[in-house]
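Each chain is listed here by its residues.
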Amino acid sequence: MRTEQLVRTFVEFYEERGHRRITGSTLLPPPGDPVLFTTSGMHPLTPYLKGRPHPLGRRLVNVQRCLRTTDLDEVGDTTHLTVFEMLGTWSLGDYEGPASLEWGYELLTEGLGVDPGLLHATVFGGDERTGPDTASLELWQGLGVPVEPTAEDNWWPNGSEGTVGPCGPDSEIFLWSGDGPPQSTPTRDNRWVEVWNHVTMTHHRLGDGSLVPLPQRNVDTGLGLERLASLLQGKPSVFACDLFDPWRRLVPALWELDEPSLRLVCDHLRSAVVILGDGVRPANTGRGYVLRRLVRRVLTALRRDDPSRSIGDLPEELVRHTLDHFRQETREMRPEFVLRMLRKEEDRFGRLLERGRQVLARARFQGPLSEEDFHYLHDTHGLPRELITSLREG
Ligand code: SER
């Protein structure tokens, strides 16, 4: 099943069940939002999860492009992308978590043809603050899907204690990606790949970590499009799904790279195109710096083996394919314009490297560098710490 068909099947399934499609798309969060980029489908919906009535009603569905830089060092493995798409559904104070899970199961097995024997679920097993999610546990047991209760892994958002905002217990659906029959459980075997998270948003977490019940119980689900597409297509990684076909055809023909570097280069360049397509320009702070960092990471990977490699050689077809997929091409946002900006950024990086080499060759910087040196190099010569370190290592 091609990605486009997967998206269509998903959206239609939920529209048939009373959900209205919202046109979430840009990576830029709404004005006033403190985060740099949209990191999940629910992000732009925060006010409605907190109780404000949504103009389209209580059942919503969408396709949202997201950007996560927390996983930057994991890009290159088989499941992480910097820019990815999330298919999402919401119940704003309408149906409950188990109803959402039941539809999820129906869509995966009947709509998308997933073998039910390859599924595993996890549910919230309870902790000192909140009781276990027995309703979801019983739902999975009734459907005959193996289910594992956990505490930390099944509270969203997890892993970031400082996070403020809507939160609650979740139930995650995993698909077996191994060769033989499924084994073990999702927390013990990473061949179980998480594809769909169903969160029952019950609380709002405050800055001091305390939980306040939300005025309504919501359900927020997010399905990683490229992950599911690659599994449905029987591919070993997200980089092998149909969305990356032109990248896998054209990039290795241009630059000879090992597999992890090839993945990094494709991921970061594709992400840079999407960020540019959403109107961000390279800068030394904020969103523009995320873009700049991605381009510099590509250049560092490319030049490691051959300093003459240039982003300027990137075929326009790849930029067009990406802008097309994300529906970003306009009269102003044309592939040649995006390529020109990438080239300009490359030139700038080249000049910075040159300056960096000259400055770092001075006797003063031959030994270990102090914090004061790093500040001086940054403030006077515009050399970021990352770059200084890599120049000294190189
Ligand atoms: N908010 C949840 C997630 O990002 C589900 O959309 O995983």
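In the nomenclature of an unreviewed UniProt entry, the chain corresponds to alanine--tRNA ligase from the organism Streptomyces microflavus. The UniProt entry for the chain carries the following text under Sequence similarities (unreviewed entry): "Belongs to the class-II aminoacyl-tRNA synthetase family."

### Digging into the site of the ligand
S40, M42, R68, M86, W156, N197, V199, D220, T221 and G222 make up every residue found near the ligand. The side chain of N197 places a nitrogen or oxygen atom 3.2 Å from an oxygen atom of the ligand. Residue G222 places a main-chain N or O atom 3.2 Å away from an oxygen atom belonging to the ligand. Against a free-state accessible area of 230 Å², the protein chains account for coverage of 95% of the ligand.

### Some remarks on the state of the cysteines
Two cysteines form a disulfide when their sulfur atoms are joined by a covalent bond. Scanning the model with the defined rule gives 0 disulfides in all. Free cysteine C66: the closest other cysteine sulfur is in C241, separated by 15 Å. For C66, a relative accessible area of 0% translates into the label buried. As a non-bridged cysteine, C241 has C266 as the owner of its nearest cysteine sulfur, 12 Å distant. Since its relative accessible area comes to 0%, C241 is described here as buried.

### A closer look at the nonpolar core
One finds F10, W140, W196, V251, V265 and L342 to be the most contacted residues of the largest nonpolar core, which totals 94 residues. Element by element, the count of residues in this core is highest for helix α7 (residues 259-277), at 10 residues. Discounting chain neighbours no more than four positions away, the residues touching V251 are L257, L262, V265, C266 and L318. If you look at the next biggest cluster of nonpolar residues, it comprises 11 residues, including M42, W90, M201 and L214.

Each value, and the rule that gives it
- Starting from 1, residues in each chain are numbered consecutively following that chain's sequence as written.
- Reporting in this predicted model follows two pLDDT cut-offs: at least 70 for local features of residues, and 80 or more for side-chain atom pairs to be given and counted; totals over whole chains, interfaces and linings ignore these cut-offs and use all residues.
- Side-chain measures here rest on the full set of heavy atoms in the structure, leaving out hydrogens and waters.
- UniProt positions are given in the numbering used here, feature names are shortened, and annotations may be inferred rather than shown by experiment.
- Here a residue counts as near a molecule or strand whenever at least one of its heavy atoms sits within 4 Å of it.
- In protein, a polar contact requires one atom able to donate a hydrogen and another able to accept it; more generally it is a pair of N or O atoms within 3.5 Å, and residues adjacent in sequence count only if both atoms are side-chain atoms.
- Reported accessibility uses the Shrake-Rupley method at a 1.4 Å probe radius. Residues are deemed covered only where the shown protein chains occlude them.
- Any cysteine sulfur atom paired with another within 2.5 Å is treated as part of a disulfide.
- In this scheme, a residue with accessible area under 20% of its type's maximum is buried, one over 50% is exposed, and one in between is partly exposed, where area comes from a 1.4 Å probe on protein chains only.
- Grouping buried Ala, Val, Leu, Ile, Met, Phe, Trp, Tyr and Cys residues that are joined through side-chain atoms within 4.5 Å yields what is termed a nonpolar core.
- Every helix listed is a DSSP run of H or I at least four residues long, and every strand listed is a run of E at least two residues long, numbered separately from the N terminus.
- Only heavy atoms matter for contacts: two residues are in contact if any of them lie within 4.5 Å across the pair.

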